[in-house]
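# A structural walkthrough
Residue-level listing of the chains:
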Amino acid sequence: MEEARKCKAGGAAAAAEEGEEEEWINRLKHGGALPYRELHKCTHGWSSPHGNLFQVRSSSYMESKRKTCGGEPLLKPIAFDWIQSSTKIFNILKHPHGRVRAALQEQEQEQEQSIRRNKSPPFIWAINLQVPSKHNHSLVFYYVAPSSSSCCQSSHDKNGHTLLQRFLDDDDDDSFRNSRFKLLANVVQGPWLVKAAVGERGACLLGKAVTCHYTRDRDFMEIDVDIGASIVANAIVHLAFASVTCLTVDLAFVLEGQSPEELPERILGTIRFANLDPASATSLDSPPLNASPHPRQMCWSSFGSLLHSAHQDPVANVDDEDSHPCQAHGYGHGHGHAGGGANALS
């Protein structure tokens, strides 16, 4: 009970605090198709809930199976895109029409021409959820590593940094990344049928359930998640699509801790989206508008498919296991690595 009160208090305090942002981040955050909103006003838009709204493995999880509040995420959200293309979208941070890529290039040019030249360039994370659709839709979440954070350089922090560094540097074999990249979800508001299918709190090792493709560059990490690699995911899409306009969903991305040295778990980043409109998506086949507002045009479509058959974490802090790969079969796409659906890590 005390743990729950601390989690709630921490989340409320964080929601009330808004630090100053660099201008280029502010432009990205407010310049997408879906408007950014304050968490308590998040309807027909997106926001970022505090990590304390999620439960992660505690430092004693290996013995007690006890969980704790997620705490402050390591990464800061900067943008949210709903896009489509004539072909399946990979490597969005290298795409010539990507608005985040354009903003980063502009920022680098400004730094080269200013007295801030010695300032390190931002390190960006992009998580691209490829929706199974004939129109090749993608939901893309962008995060930045705060300049004051050492989460992309340090390997001395027990609470996630060593694990994060290994995740970033593991270019030889993606099996390690696949075994650690985890999605947590909470259906905050929606029809009972969708909550029953998705679960109010779901946990899924994405790399074990679907196909993930990882791209690590000097100043970014991109994870392209092919949801269509799962048969079950494709089947659940239609259920979620029918209720998309009345859904509010929270997501968190975590690197799963599997030993005492890797605990407690740290949340990478979070996202909330609400009352999304499936009517349209921004085309990536043409250059983006200059950060001008666009009618809301998001689609929840496939988060239910990711989490439908994942193990559903109960609200309580104690359970037997907390993450199983979704009970689906992975199919390679040629751009990524197919995950097997049999071997879960608890």
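This text gives an overview of the structure that appears in the document.

Calculation rules
- Residues numbered from 1 in each chain as written.
- Predicted model: local features only at pLDDT ≥ 70, side-chain atom pairs only at ≥ 80, totals over all residues.
- Heavy atoms only, no water.
- Buried < 20%, exposed > 50% of the residue type's maximum accessible area, 1.4 Å probe, protein only.
- Helix = DSSP H or I, 4+ residues; strand = E, 2+ residues; numbered from the N terminus.
- Arc of directions from axis to C-beta.
- Phe/Tyr/Trp six-rings, centres within 6.5 Å; stacked < 30°, edge-to-face > 60°.
- Lys NZ or Arg CZ within 6 Å of the ring centre and 35° of its normal.
- Salt bridge = Lys/Arg side-chain N within 4 Å of Asp/Glu carboxyl O.
- Core = buried A, V, L, I, M, F, W, Y, C linked by side-chain atoms within 4.5 Å.
- Polar contact = N/O pair within 3.5 Å; in protein donor to acceptor, adjacent residues only side chain to side chain.
- Contact = heavy atoms within 4.5 Å.

## Regarding helix α2 (residues 23–30)
Within α2, the full set of buried residues consists of W24, I25, L28 and K29. Along the axis of α2, the buried positions cluster into a sector of 135 degrees, meaning they face one direction only.

## Examining the packing of aromatic side chains
Under the defined criterion, the tally for this structure stands at 10 aromatic pairs. Their ring planes at 65 degrees and their centres at 5.0 Å tell us that F80 and F141 sit as a pair that is edge-to-face. In this pair, F80 sits in strand β4 (residues 76–84) while F141 sits in strand β6 (residues 137–144), placing the two residues 61 residues apart along the sequence. Like F141, F80 is buried. Taking 5.9 Å as the distance between ring centres and 45 degrees as the angle between the ring planes, the aromatic pair formed by F141 and F253 counts as tilted. Of this pair, F141 sits in strand β6 while F253 sits in strand β11 (residues 248–255), placing them 112 residues apart in sequence. As far as the burial class goes, F141 and F253 line up, both buried. Counting every residue linked through ring pairs, the aromatic cluster contains Y36, W46, F80, F123, W125, F141, F167, F181, Y214, F253 and F273. Over the face of the ring belonging to Y36 we find K29, whose NZ or CZ atom lies 4.6 Å from the ring centre. Directly above the aromatic system of F167 lies the positively charged group of R177, at a separation of 5.8 Å from the ring centroid.

## Notes on unusual backbone geometry
Note the cis peptide between L263 and P264, where omega equals 0 degrees. As for its position among the elements, P264 is in the loop between β11 and β12 (267–274). You will see that K65, though not glycine, has its phi angle at about 60 degrees, which is positive. Among the secondary structure elements, K65 is positioned in the loop between α3 (61–64) and β3 (67–69).

## Structural notes on the pattern of salt bridges
Inspection of every chain in the model, using the stated rule, returns 13 salt bridges. The partner of E256 in a salt bridge is R57, with the nearest N and O atoms 3.5 Å apart. Placement of E256 in the loop between β11 and β12 and of R57 in strand β2 (residues 55–57) is noted, with a sequence separation of 199 residues between them. Across the pair R272 and D250 runs a salt bridge whose closest N-O atoms are separated by 2.5 Å. Highlighted residues: R272 in strand β12 and D250 in strand β11, separated in sequence by 22 residues. The residues R272 and D250 share a single accessibility class, namely buried. Residues participating in the shared-partner salt-bridge network are R57, K182, E256 and E265.

## A closer look at the nonpolar core
Residues W125, F141, F167, F181 and V225 are the most contacted members of the largest nonpolar core, which totals 49 residues. A79, V100, A103 and I124 belong to the second-largest nonpolar core, a separate cluster that totals 19 residues.

## A closer look at the side chain of S47
Inspection of the secondary structure puts S47 in strand β1 (residues 45–47). Overall, the relative accessible area of 2% leaves S47 in the buried class. A polar contact is formed between the side chain of S47 and the backbone nitrogen of L39, at a distance of 3.4 Å. Aside from chain neighbours lying at most four places away, what touches S47 is Y36, R37, E38, L39, C42, I271 and R272.

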